[in-house]
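Chains, contacts and geometry: an overview
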Amino acid sequence: PTSAQVSVVPHSGRFCYTLDNDLLTTEQRQFYEDNGYLLIKKLVSDEDIERFRKEFVRICKREVNPPGAMIMKDESLRSQFGQSEKVVNKVQDFQEDEELFRYCTLPEVLKYVECFTGPNIMAMHTMLINKLPDSDKQTFLHPMHQDLHYFPFRPASRIVCAWTAMERADQENGCLVVQPGTHKTTLKPHGYPKWEGKTNKLFHGLLEEDNKTPKVHLVMEKGDTVFFHPLLFHGSGINKTSGFRKSISCHFASSECYYIDVKNTSQEHLEKELEEMVRKKYNTTSVELKDIWNFRARLVQGERINL
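Remember, predicted model here, so these are calculated numbers, not experimental data.

1. Observations regarding the packing of aromatic side chains
Applying the stated rule across the entire model yields 9 aromatic pairs. Geometrically, the ring pair formed by F151 and F153 is stacked, given 5.2 Å between the ring centres and 15 degrees between the ring planes. Residue class for F151 comes out buried when judged on its relative accessible area of 1%. Pairwise contacts between aromatic rings join Y32, Y112, F116 and F227 into one cluster. Lying over the aromatic face of W293, R296 brings its terminal NZ or CZ to 4.5 Å of the ring centre. Above the face of the F101 ring, R298 is positioned so that its terminal group lies 4.1 Å from the ring centre.

2. Here's the deal with the packing of helix α6 (residues 268–282) against helix α7 (residues 289–296)
α7 packs onto α6 with a crossing angle of 65 degrees between their chain directions and a minimal axis gap of 9 Å. By the angle class used here, α6 and α7 are roughly perpendicular. Judged by the twist between their axes, the crossing of α6 over α7 is left-handed. Residues E271, L274, E275 and V278 of α6 form the contact with α7, whose participating residues are L289, I292 and R296. Residue composition of the contact of α6 with α7, grouped by class: 4 nonpolar, no polar and 3 charged.

3. Remarks on the sheet that holds strand β5 (residues 142–145)
Pairing within the open sheet is antiparallel, and its 4 strands lie in the order β5-β13-β8-β11. The open sheet has two free edges, formed respectively by β5 and β11 (216–218), since each of these has just one partner strand. Across the sheet, the mean angle separating the axes of adjacent strands is 20 degrees when strand polarity is ignored. By the bridge criterion, 2 bridges tie β5 to strand β13 (residues 233–236) in an arrangement that is antiparallel. Across the sheet, the residue bridging to H145 is H234, located in β13.

4. As for the pattern of salt bridges
As enumerated under the stated definition, the model contains 15 salt bridges in all. Between K215 and E209 there is a salt bridge whose closest N-O contact spans 3.4 Å. Among the ionic contacts, a cluster of salt bridges with common partners joins D48, R51, E99 and R102.

5. Examining the packing of helix α2 (residues 46–60) against helix α4 (residues 98–105)
Viewed as axis vectors pointing N to C, α2 and α4 meet at an angle of 145 degrees, and their least axial separation amounts to 9 Å. In this structure, the crossing between α2 and α4 has a hand that is left-handed. Between α2, through D48, R51, F52, E55 and I59, and α4, the contact on the second element is made entirely by E99, L100, R102 and Y103. Residues belonging to the contact of α2 with α4 are distributed by class as follows: 4 nonpolar, no polar and 5 charged.

Here is what the cut-offs are and how they apply
Residues numbered from 1 in each chain as written. Predicted model: local features only at pLDDT ≥ 70, side-chain atom pairs only at ≥ 80, totals over all residues. Heavy atoms only, no water. Phe/Tyr/Trp six-rings, centres within 6.5 Å; stacked < 30°, edge-to-face > 60°. Buried < 20%, exposed > 50% of the residue type's maximum accessible area, 1.4 Å probe, protein only. Lys NZ or Arg CZ within 6 Å of the ring centre and 35° of its normal. Axes fitted to C-alpha atoms, helices over the stretch in contact; angles between N-to-C directions. Helix = DSSP H or I, 4+ residues; strand = E, 2+ residues; numbered from the N terminus. Parallel < 35°, antiparallel > 145°, perpendicular 65-115°, else oblique. Left-handed = near helix turned anticlockwise from the far one by under 90°. Contact = heavy atoms within 4.5 Å. Nonpolar A, V, L, I, M, F, W, Y, C, P; charged D, E, K, R; others polar. Pairing = 2+ DSSP bridges. Salt bridge = Lys/Arg side-chain N within 4 Å of Asp/Glu carboxyl O.

Here it is in structure tokens:
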């Protein structure tokens, strides 16, 4: 991790990215402050993970169809495998699927989330990722990016992602890669990487990668959960195995966060792309970014204030 970087968040005492709590040790708080992430081993039970896996398979087979969920597929595999998990790369926005949404309400997850957001907690963005094996035609590598690029709400320090490995994640099957300390920077411009014909919809990446800060591969076992800041540079490698690498995640935010207007910012082109996708999917003429996020957002603890 780099030092001597100037923090863009005003310091209130010693810690500025975590709130006072009885759960995290001083060492854990300091690690998150310095690095922008914190890994907690064996947080989610095997039993819960098995339930999430079964529900994901049901969604792939279209046995259940959660309202508002975006099912991302590798269309080139459909003729070979039909409706199955061998085709689905991601289920996004599962907030209306009660079984998967249980993840966002797990007390063992929320008690850590509260250390970053405070007591009023919204689930803002949900994903179950099924990283497919990479092929010549398609890569499921996600370029280095900052999640705040996707979010029209602030402040960043009251947003946190919880990301749980549903099976072992390592360099072979494309585990998470982070650049410690980069959460102390500002939001950088993002766009599609210049790869020939292999980009995934909305898989934006940093236009200028930081090659000076070392990359850390987060090798995780089933049930391990990492919490990370939305400005942290992170991505995931390619899946070199013949299996799938599943994970489930949610971005949580304090309900005291507020929406911002992204017009004339580096996020404006993403806003247009997202609004166009939603207009096509729901055959509607007018939709605003704030409406999309209001639909996604669900209160999980405390009181709904702004979001």
